[in-house]
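# Architecture at a glance
Spelled out, the chains give:
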Amino acid sequence: FDNVTNYTGVFIFQKIDVIESYKFKYHRYSLPTKNISYQEFSNSLRDDNNSEYKEFIWVNSISLDKERWCFKSPTIEKLLDKIRRNAAELGNISIAIFQGIASGKDHVFYINEETIKKNGLEETIIYPLLKGKDVKAYNIEWSGTYVLYPYDMDSKVIEENELRVKYPNVYKYFTESKNLLSGRSYFDKSNKQWYELWNQRKIKNFFKRRIVVPEISNKNNFALTDKFFGNTKTYHILLKDKRLTNYLFILGLLNSKLINYFYTQLSPPHAGGFYAYKTQFLVNIPIRFGSESMQCEISKEVGYILNTHSREEKNEHIRKIDHMIYDLYDTTEEEIAIIEESIGR
């Protein structure tokens, strides 16, 4: 199919007698970051012990269970176990980690300033919307997209007659777009109104302080918000401890090199070096709190990052946070080197 990306897996099976315990080779390949010939690349892959493009691990069948298989070298497994030690999982310190809204018809519900003015749309039920590409580390670069959200503050749909009376221009816009809103077969089997979104969320959650992350990203890009809605390409984290200092502390951890490295080992990679930031993976991020003074220091540095426009100053505060978090997780110089090298790749 044209314009489709797929992830191919080739499996070769052989029927043999059952063996209780055995070992097999696992190879993990990476593409060259420099220009080399195909012959050089091919020759390099033939050597199990001396290839910068192939990780080689022996796997014991005893280690395989019903959970997902994730093959790592003993050195990496030891580092990941250390990062998990004495840490709470993000899912356990969160009220909710949820995906943004699914409209089912983005070209109708997602609008811009021009469409609002052109149609005189009542802004009471129009909210600024984040797309995944709008969310960067510590920063939101809003693209100017809004969402028409025909629900009250209890997330109940505004009945059609009320919509017609209170929001006549919005109702007119929906009516003129009725043909575009048709064809959603799942609506035919539900009690939803014809002008509803496919999957709305609790509207009050979008007005709460929370951490937001793009669904697909090449690195950890967590930001703080308390006003933007989000589409399906965003995930939102509501913490149990609602204090600003706690949000700043957790934000610093999530954007750190150490947690960035951990996440690349946790989430399956996509083409081009991208990773999926979804609830099933986010809940497992290990959060180590350490001392109260350490939390205060990290949250203070994050505050500086959020309040400065100087790239140089931001980078300096980010470096300080990375060093503090390496200390927080008791990482050695050798382990830091593994993390830094991996992120560099």
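What counts, and where the lines are drawn
All chains use their own residue numbering, which begins from 1 and follows the written sequence. pLDDT decides what is reported in this predicted model: residues at 70 or higher carry local features, side-chain atom pairs at 80 or more are listed and counted, and totals for whole chains, interfaces and linings draw on all residues regardless. Each side-chain value is worked out from all heavy atoms of the structure, with water and hydrogens disregarded. Note on conventions: DSSP H or I runs of at least 4 residues are helices, E runs of at least 2 residues are strands, and numbering of each starts at the N terminus. Relative accessibility thresholds used throughout: buried, under 20% of the residue-type maximum; exposed, over 50%; partly exposed, between the two (1.4 Å probe, protein chains only). With residues, only the protein chains shown are counted as cover, and all accessible areas are computed by Shrake-Rupley using a 1.4 Å probe. Definition of a polar contact: a pair of N or O atoms within 3.5 Å, with one able to donate and the other able to accept a hydrogen when the atoms are protein atoms, and with sequence-neighbouring residues admitted only if both atoms are side-chain atoms. Any pair of residues with heavy atoms lying within 4.5 Å of one another is described as a contacting pair. A strand pair is defined by DSSP finding two or more bridges across the two strands. Among buried residues, the Ala, Val, Leu, Ile, Met, Phe, Trp, Tyr and Cys ones that are joined through side-chain atoms within 4.5 Å form a nonpolar core. Between 30 and 60 degrees the pair is tilted, below 30 it is stacked and above 60 it is edge-to-face, where a pair is any two Phe, Tyr or Trp rings, Trp via its six-membered ring, whose centres lie within 6.5 Å. Here, over-ring charges are defined by two tests on the NZ atom of lysine or the CZ atom of arginine: distance to the ring centre within 6 Å, and angle to the ring normal within 35 degrees. The working definition used for a salt bridge is a side-chain nitrogen of Lys or Arg within 4 Å of a carboxyl oxygen of Asp or Glu. Note on geometry: axes are C-alpha line fits, over the in-contact stretch for helices, and angles between N-to-C directions span 0 to 180 degrees. The labels follow the angle: roughly parallel below 35 degrees, roughly antiparallel above 145, roughly perpendicular from 65 to 115, and oblique for the rest. This arc is built from the directions going out from the helix axis to the C-beta atoms.

### Overview of the overall build of the chain
- When helices and strands are tallied, the chain shows 14 helices and 17 strands.
- The buried share of the chain, reckoned over its 345 residues, is 42%.
- Counting only carbon and sulfur atoms, one obtains 49% of the accessible surface of the chain, whose full area is about 20,500 Å².

### Structural notes on the side chain of serine 155
- Note on placement: serine 155 falls in the loop between strand E9 (146-148) and helix H5 (160-166).
- Of note is the side chain of serine 155, whose polar atom sits 2.8 Å from the backbone nitrogen of isoleucine 203.
- The contact partners of serine 155, leaving out residues within four places of it in the chain, are Gln200, Arg201, Lys202 and Ile203.

### Describing the sheet that holds strand E11 (residues 216-217)
- As summarised here, the arrangement of the three strands in space is E11-E16-E15, forming an open sheet in which the pairing is antiparallel. In the strand order of this sheet, the two ends are held by E11 and strand E15 (269-270), each with one partner.

### Regarding the pairing of strand E14 (residues 234-239)
- Most of E14 sits out of view: six of its six residues are buried.
- Side-chain alternation along E14 places Thr234, His236 and Leu238 on one buried face and Tyr235, Ile237 and Leu239 on a second face that is also buried.
- Bridge count between strand E4 (residues 94-99) and E14: five bridges; the pairing is antiparallel. Its bridge partner lying in E14, isoleucine 97 is registered against isoleucine 237.
- One ladder, built from four bridges, connects strand E10 (residues 210-214) with E14; its direction is antiparallel. Bridging from a neighbouring strand, isoleucine 211 pairs with isoleucine 237 of E14.

### A short note on the nonpolar core
- Leu90, Tyr149, Phe174, Phe222, Leu254 and Ile298 are the most contacted members of the largest nonpolar core, which totals 77 residues.
- Considering every element that reaches this core, the biggest residue donor is helix H9 (residues 244-254), with seven residues.
- Apart from residues no more than four positions distant in its own chain, leucine 254 is found in contact with Leu90, Ile211, Asn220, Phe222, Ile237, Ile259, Ile285 and Ile287.
- Ranked by size, the runner-up nonpolar core spans five residues in total, among them Leu130, Val135, Val212 and Phe228.

### Some thoughts on unusual backbone geometry
- In this model, serine 155 sits at a positive phi of 65°, which is unusual for a non-glycine residue.
- For aspartate 330, which is not glycine, the phi dihedral falls at a positive 55°.
- In this structure, aspartate 330 sits in the loop between helix H13 (311-328) and helix H14 (333-344).

### Focus: the environment of tyrosine 53
- Residue placement: tyrosine 53 occurs in the loop between helix H1 (38-45) and strand E2 (54-60).
- According to the relative accessible area criterion, tyrosine 53 is buried, its value standing at 6%.
- Taking the C-alpha atoms as reference, tyrosine 53 lies 5.6 Å from tyrosine 29; in sequence the two are 24 residues apart.

### A few points about the packing of aromatic side chains
- Taken as a whole, this structure holds 20 aromatic pairs when the rule is applied.
- An angle of 55° between the planes, with centres 5.1 Å apart, marks the rings of tyrosine 149 and tyrosine 151 as tilted. Tyrosine 151 matches tyrosine 149 in its accessibility class, with the two residues each being buried.
- By way of ring pairs, the aromatic residues Phe98, Tyr127, Tyr149, Tyr151, Phe206, Phe207 and Phe229 are connected into one cluster.
- The ring of tryptophan 194 has lysine 178 sitting right over it, with the charged end atom 4.5 Å from the ring centre.

### Here's the deal with the pattern of salt bridges
- If you walk through the whole model with that rule in mind, you get 13 salt bridges.
- Across the salt bridge formed by glutamate 196 and lysine 192, the nearest N and O atoms sit 3.5 Å from each other.
- Linking lysine 233 and glutamate 215 is a salt bridge whose minimum nitrogen-to-oxygen distance equals 3.3 Å. Pair noted here: lysine 233 is in the loop between strand E13 (229-230) and E14 and glutamate 215 is in the loop between E10 and E11, with a separation of 18 residues, a long-range link.

### Brief notes about the packing of H9 against helix H12 (residues 292-307)
- As a packed pair, H9 and H12 sit with axes 8 Å apart at the nearest point and diverge in direction by 85°. Between H9 and H12, the interaxial angle falls into the category roughly perpendicular. Across the interface between the two elements, Thr245, Leu248, Phe249, Leu251, Gly252 and Leu253 from H9 touch Gln295, Ile298, Ser299, Val302 and Leu306 from H12.

### Some details on the environment of methionine 153
- Relative to the helices and strands, methionine 153 resides in the loop between E9 and H5.
- Given the relative accessible area of 42%, methionine 153 is considered partly exposed.
- Residues methionine 153 and phenylalanine 289, 136 residues apart in the sequence, show an inter-C-alpha distance of 35 Å.
- Excluding its chain neighbours within four sequence positions, the residues that come into contact with methionine 153 are Tyr127, Ile203, Lys204 and Phe207.

### Comments concerning helix H2 (residues 74-84)
- Buried within H2 we find Ile76, Leu79, Leu80, Lys82 and Ile83. The buried residues of H2 occupy an angular sector of 160° when the element is viewed end-on, so they sit on one face. Of the exposed residues in H2, those oriented more than 90 degrees away from the buried face are Pro74 and Lys78.
- On the buried face of H2, the contacting elements are helix H10 (257-266), strand E17 (286-287) and H14.
- Of the residues one or two after H2, asparagine 86 is the one with positive phi, at around 55°.

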